[in-house]
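Chain by chain, the residues:
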Amino acid sequence: GYVYGDSTCGQAACYRLGLPGLPILNVNNNCATGSAALDTGRRFVQAGAGCVLVCGFEKMSGGLASNFEDREHPAQRHFDTMQALGLPKEQMLKGVLTEMTEKV
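A. Highlighting the overall build of the protein. Of the regular secondary structure elements, the protein holds four helices and zero strands. Per-residue burial over the protein gives 11% buried out of 104 residues. For the protein, the share of sequence-separated contacts (at least 6 apart) that also reach a separation of at least 24 residues comes to 43%. Carbon and sulfur atoms form 59% of the exposed surface of the protein, whose accessible area is close to 8600 Å².

And the structure:
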């Protein structure tokens, strides 16, 4: 997966490697593209696929910075609430990370 890539990045990469015709699923989930791709591969194996290959990388510009000036940042309400509560930015993902590690 590649957040700024074309919708057929996977197909183009495999074609250049001389592997046309493979079933390919392109994943785009912003900061979670890599983990979403791994999870999708895991689900294919659980469903009976004999083998999967998951490839990709994350290349985000500016982390949580907004790339669009014509709309509110998707997490702006969350940022505002945290600021009103006096919470530091470092705590923003703490709850999510704690929940994820407890499930493992």
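Now, onward.
B. Region of the structure containing a nonpolar patch on the surface. Nonpolar side chains collect at one region of the surface, where Leu25, Leu38, Phe44, Val45, Val52 and Val54 lie side by side and expose about 520 Å² of accessible area between them. With respect to the secondary-structure elements, Leu38 resides in helix α2 (residues 33–46).

C. Representation of the pattern of salt bridges. Inspection of the entire model under this criterion finds three salt bridges. The partner of Asp39 in a salt bridge is Arg42, and the shortest N-O contact between them spans 2.5 Å. Within this pair, Asp39 and its partner Arg42 are both found in helix α2, separated by three residues, close to a single helical turn. Classification of Arg42 by relative accessible area gives partly exposed; the value is 41%. Note that Glu72 is salt-bridged to Arg77, the shortest N-O span being 4.0 Å. Since its relative accessible area comes to 65%, Arg77 is described here as exposed.

Rules and cut-offs
- Residues numbered from 1 in each chain as written.
- Predicted model: local features only at pLDDT ≥ 70, side-chain atom pairs only at ≥ 80, totals over all residues.
- Heavy atoms only, no water.
- Helix = DSSP H or I, 4+ residues; strand = E, 2+ residues; numbered from the N terminus.
- Buried < 20%, exposed > 50% of the residue type's maximum accessible area, 1.4 Å probe, protein only.
- Contact = heavy atoms within 4.5 Å.
- Areas by Shrake-Rupley, 256 points an atom, 1.4 Å probe, with all protein chains shown as cover.
- Patch = residues over 30% accessible without salt bridge, like charges linked within 9 Å, V, L, I, M, F, W, Y side chains within 5 Å.
- Salt bridge = Lys/Arg side-chain N within 4 Å of Asp/Glu carboxyl O.

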